Amino acid sequence: MRPVVTTCSYCGVGCTLEVRTLRGRIVKVTSPPDAPANRGNLCVKGRFGHDYVTSPDRLTRPLVRRGDRRTGRLEPASWEEALDLVARRLASVRERYGPGAVAGFSSAKCTNEENYLFQKFLRAVIGTHNVDHCARLCHASSVVAMNLALGATAMTNSIGEIRDHADVILVTGSNTSENHPIVALEMKAAVARGARLILIDPREIELARFATVWLRQRPGTDVAVLSGLAHVIIRDGLWNREFVERFTEGFEELAAAVAHYTPQVVEALSGVPARDVEEAARLYATSPAAAIFWGMGISQHTTGTDNALALVNLALLCGQLGRPGTGLNPLRGQNNVQGAGDMGALPHVLPGYVPVTDAEGRRRFEALWGVRLPEAPGLTATEVTEAACDGRVRALYVMGENPALTDANLNHVRHCLEQLEFLVVQDIFLTETAAMADVVLPAWSWAEKDGTFTSTERRVQRVRRFLDPPGEARADWDILSDLARRLGSDWRYDSAEAIFEEIRRAVPAYAGITYARIEERGLQWPCPAEDHPGTPYLFAGGLPRGRGRFHPVGYLDPAELPDDEFPLILITGRVLYHWHGGVISRRSAGLNEIYPEALVELHPDDAARLGVHDGQMVRVRSRRGEVTAAARVTERSRPGSVFLTFHFAEAAANLLTNDALDPRARIPEFKVAAVAVEAVARSR
């Protein structure tokens, strides 16, 4: 039984898999020891969690709603009927209200080739930049901050450098052991070698056991803590004077801004002892090679961009860039969220991060695609939801996303989706969003398609087909091409590789990458020519914008704070055994058996005050909704805070979360919401 070598479909690490099948089912998944990102290691999802592809819940035929939009039923239809209906309704909305009345959500679970075609469909066929994807909900603020300060939009260094080169590892806002287990293995190996770990996190996650210093801040006080580190570094003369003078601008403004954040002020704001702020600052600044890693605990705030800018300030201040074992490393959550951004599935940039407002860049794409493009940026995903409510957006095309479960303030989101004239969803399962659609198009899963993913470390790798698709399901790129032709565009792609060849012409950083070159091993962009070896770490020759820009930031309270009615702070996040909205991991029998239900994590002090015991059902309420789930009483959470996973539709955490937005990245504040908890009589 020869394995098929492909890339994992879960998180953004990009683990190499060797998949063996028998009679149409996966029977074994392993990884070669020389795999570039994972060295042969796999997490529980990567090794055992791919049986969702043969779930009996897979969509096998197109579905069309018969009757009224709210009361009618989704019934099987032919591809001819379904695609004709989609093309006719999209064209009708465009003709009556203009191209801006149509929007689309692309998918970080789909390949680069499919994301490229999806954004091209919205831009070149429909005529709008209203295209976005789930990066809006996870690392949009990291992308904005890094682009502002550095002119870069991705993790700067490679996963393999952690174990081999990093002397200090600063982890903040990332439960790496559960969200990116393979990266956590590398961190723990580095600590075993002698590296030191600085952890900044309000929860007692596993990495706390490996940390030299653990800063346990109050949720939402990240800017204060990070500004405190910068204060100590400048006050004690620990900053890298040569690097700052040669490669940065704005140092004086930063020094003035952080002067207020003495360790004592930081302790008062965040609860972190002043001595720990001092120790962490010295560790980071005096290390020969220090790397920063962060996750959605940094980005999913109304101050998410400020949080990420504060991290960039630290790296610039200490010159911890442009060398192995250093860098700024946002850990991307989905398998191809980096690639979806690279492919231009964002409303303000074309493929390769060319601003849509750049006339010269826009003309290049107009020549490549043979169309005129709008000059103004489109709407972000969170703005599209509001525009659906007030009638500016009338039709929405969703490929592989599930906003009716994954967006903040779900009751409001679902109400907005109900106001649309037309909703089409292309997916592998009947998700909560698909169940609201007028037309549902069944797509191939990762196991049934060819193409490429780009991992969090910018590594472009092959995805290979090893199973036949179920029923009448079709490849996403094939569906998009068919729709484009029905709307008058002469799209004639015959394979994923043919699309990738167009990507190479569109995105200079991908120009040197070919399917032949990544047949055995992926390449990291930028890779501008076919004789270029790829780029394991960025900025060896300087920063893209010339000089890195310090951005002074000041502490602001979260949008919602606890009060008498809602006295606790809710934090949402992932667990080891599940992923994203649970659509695929909950259809993996083994994963679902190990972790079958949502749990509400409560500190023992809060549990005692509320009269709640471990395992008891509790109701969690916010100003936006309520959920009921079992309590887990544990000291992992700080007193005064509650943790709830977002994988379970029956206890959807996003019924509670706050949809207040970061003003620049337009990302919601998933990580801080005021809630109340009470025991309920109902048993589990």
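Residue indices begin from 1 for each chain and proceed along its sequence in written order. Only residues with pLDDT of 70 or above have their local features reported here, since the model is predicted, and side-chain atom pairs are shown and tallied only from 80 upward, although totals for entire chains, interfaces and linings are computed over all residues. Side-chain metrics rest on all non-hydrogen atoms present in the structure, leaving aside hydrogens and water.

### A closer look at the overall build of the protein
Right, on to step 1. Counting its regular elements, the protein contains 24 helices and 30 strands.
Right, on to step 2. When we talk radius of gyration, it's over C-alpha atoms, and the globule rule is simply 2.2 Å times the number of residues to the 0.38. For 684 residues, the compact-globule estimate of 2.2 N^0.38 gives 26 Å, and the C-alpha radius of gyration of the protein, at 24 Å, lies within 12% of that figure.
Right, on to step 3. A principal-axis box enclosing the C-alpha atoms of the protein has dimensions of 70 × 65 × 55 Å.
Right, on to step 4. Taken across its 684 residues, the protein has 65% of its residues classed as buried.
Right, on to step 5. In what follows, residue pairs with any heavy atoms lying within 4.5 Å of each other are defined as contacts. Summarising the internal contacts of the protein: among those between residues at least 6 apart in sequence, 73% fall at separations of at least 24.
Right, on to step 6. Only the protein chains shown count as covering a residue, and every accessible area follows the Shrake-Rupley method with a 1.4 Å probe. Accessible surface computed for the protein: about 23300 Å², of which carbon and sulfur atoms make up 49%.
Right, on to step 7. Asp and Glu are treated as the negative residues and Lys and Arg as the positive ones, with His and the ends of the chain left uncounted. In this description, the location of a charge corresponds to atom NZ of lysine, CZ of arginine, CG of aspartate or CD of glutamate. For the protein, the centre of its 78 positive side-chain charges and the centre of its 83 negative side-chain charges are spaced 2 Å apart. Secondary structure elements follow DSSP: runs of H or I of four or more residues count as helices, runs of E of two or more count as strands, with numbering from the N terminus. Only protein chains enter the accessibility calculation, which uses a 1.4 Å probe; a residue is then buried when its area is under 20% of its type maximum, exposed when over 50%, and partly exposed in between.

### Here's the deal with the side chain of E669
Right, on to step 1. By secondary structure assignment, the location of E669 is in strand β29 (residues 668-669).
Right, on to step 2. What makes a salt bridge here is a side-chain nitrogen of Lys or Arg within 4 Å of a carboxyl oxygen of Asp or Glu, nothing more. For E669, which is buried and forms no salt bridge, the nearest opposite charge comes from R624, at a distance of 8.6 Å.
Right, on to step 3. Apart from residues no more than four positions distant in its own chain, E669 is found in contact with Q300, H301, T302, T303, P558, A559, E560, N658 and A660.

### Digging into the sheet that holds strand β21 (residues 523-524)
Right, on to step 1. An order of β19-β20-β21 is seen for the three strands of this open sheet, with the pairing classed as antiparallel. The sheet terminates laterally at β19 (451-454) and β21, the two strands that pair on one side only.
Right, on to step 2. Whether two strands pair depends on DSSP finding at least two bridges between them. Pairing of strand β20 (residues 459-463) with β21 involves two bridges; the strand directions are antiparallel. By the bridge assignment for β21, R459 is matched with Q524.
Right, on to step 3. Helix-sheet contacts for helix α3 (residues 112-126) involve β19 and β20, and the interaxial angle to β19 is about 90°. Helix axes are fitted only over the stretch in contact, all axes being lines through C-alpha atoms; the angle between N-to-C directions runs from 0 to 180 degrees.

### Remarks on the UniProt feature "domain: 4Fe-4S Mo/W bis-MGD-type" (unreviewed entry) in the protein
Right, on to step 1. Residues annotated by UniProt as "domain: 4Fe-4S Mo/W bis-MGD-type" (unreviewed entry) correspond here to residues 1-57.
Right, on to step 2. Helix makes up 9% of residues 1-57 and strand 30%, whereas the separation of the span's terminal C-alpha atoms amounts to 28 Å. UniProt positions are given in the numbering used here, feature names are shortened, and annotations may be inferred rather than shown by experiment.

### Here's the deal with the pattern of salt bridges
Right, on to step 1. The full count for this structure, using the stated rule, is 51 salt bridges.
Right, on to step 2. Between E560 and R623 there is a salt bridge, with the nearest N and O atoms lying 3.1 Å from each other. With a gap of 63 residues between them, E560 in the loop between β22 (548-549) and β23 (568-573) and R623 in the loop between β25 (617-621) and β26 (626-633) connect regions that are remote in the sequence.
Right, on to step 3. What makes R623 partly exposed here is its relative accessible area of 43%.
Right, on to step 4. Three or more residues are tied together by salt bridges with common partners; here these are E80, D84, R474, D478, D482 and R486.

### Topic: the sheet that holds strand β10 (residues 213-215)
Right, on to step 1. Taken together, the five strands give an open sheet; going across it, the order is β10-β9-β8-β12-β13, and neighbouring strands pair in parallel fashion. Of all the strands in the sheet, just β10 and β13 (327-330) have a single pairing partner and so form its edges. Sheet twist, expressed as the average angle between the axes of neighbouring strands with direction ignored, equals 15°.
Right, on to step 2. Here strand β9 (residues 196-200) runs beside β10; their pairing, made up of three bridges, is parallel. Of the residues in β10, the one forming a bridge with I200 is L215.
Right, on to step 3. Of the strands in this sheet, β12 (290-294) and β13 touch helix α5 (residues 140-150), which is tilted by about 160° from β13.
Right, on to step 4. In the packing of helix α13 (residues 274-286) onto the sheet, the strands contacted are β8 (168-172), β9, β10 and β12, and the crossing angle to β10 comes to about 120°.

### Examining the side chain of S31
Right, on to step 1. Inspection of the secondary structure puts S31 in the loop between β3 (25-30) and α1 (44-48).
Right, on to step 2. Overall, S31 belongs to the buried group, its relative accessible area being 11%.
Right, on to step 3. At 2.6 Å, the side chain of S31 and the backbone oxygen of T16 are in polar contact.
Right, on to step 4. N or O atoms closer than or at 3.5 Å make up a polar contact, with two conditions inside protein: a donor-capable atom paired with an acceptor-capable one, and, for residues adjacent in sequence, both atoms drawn from side chains. Of note is the side chain of S31, whose polar atom sits 2.7 Å from the side chain of N38.
Right, on to step 5. Contact partners of S31, with chain neighbours within four places excluded, come to T16, E18, N38, G40 and L42.

### A short note on the packing of helix α9 (residues 222-235) against helix α15 (residues 304-318)
Right, on to step 1. At a minimum axis separation of 9 Å, α9 and α15 run at an interaxial angle of 15°. As the angle between them shows, α9 and α15 are arranged roughly parallel. The way α9 lies across α15 gives a crossing that is left-handed. On the side of α9, the interface is formed by D222, V223, L226, L229, A230, I233 and I234, while α15 contributes D306, N307, A310, L311, L314, L317 and C318.
Right, on to step 2. Classification convention: Asp, Glu, Lys, Arg as charged; Ala, Val, Leu, Ile, Met, Phe, Trp, Tyr, Cys, Pro as nonpolar; all other residues, Gly among them, as polar. Residues of the contact of α9 with α15, tallied by class, amount to eleven nonpolar, one polar and two charged. Any angle that is under 35 degrees is reported as roughly parallel, and any over 145 degrees as roughly antiparallel; angles of 65 to 115 degrees are reported as roughly perpendicular and all others as oblique. For any helix crossing, the convention is left-handed if the near helix is rotated counterclockwise from the far helix by under a right angle, and right-handed if that rotation is clockwise.

### Considering empty space enclosed by the protein
Right, on to step 1. Points on a 1 Å grid over protein atoms alone make up a cavity when a 1.4 Å probe fits among them but cannot get out, and a pocket when they form an open set with protein on both sides within 12 Å along at least five of seven lines; lining residues each have an atom within 4 Å of a point. Grid points are joined across faces, edges and corners, and a volume is the space filled by probe spheres set on the points. Inspection of the entire model under this criterion finds ten cavities of 30 Å³ or more.
Right, on to step 2. Each pocket or cavity is described by its volume, and for the largest cavity that value is around 300 Å³.
Right, on to step 3. What lines the largest cavity is a set of 22 residues, among which G173, D201, G297, I571 and K671 lie closest to the centre.
Right, on to step 4. At the level of elements, α14 (296-299) and β23 are the ones that each hand at least two residues to the lining of the largest cavity.
Right, on to step 5. Here the lining of the largest cavity takes three residues from β23, the largest share from any one element.
Right, on to step 6. Grouping the amino acids of the lining of the largest cavity by side-chain chemistry returns seven nonpolar, ten polar and five charged.

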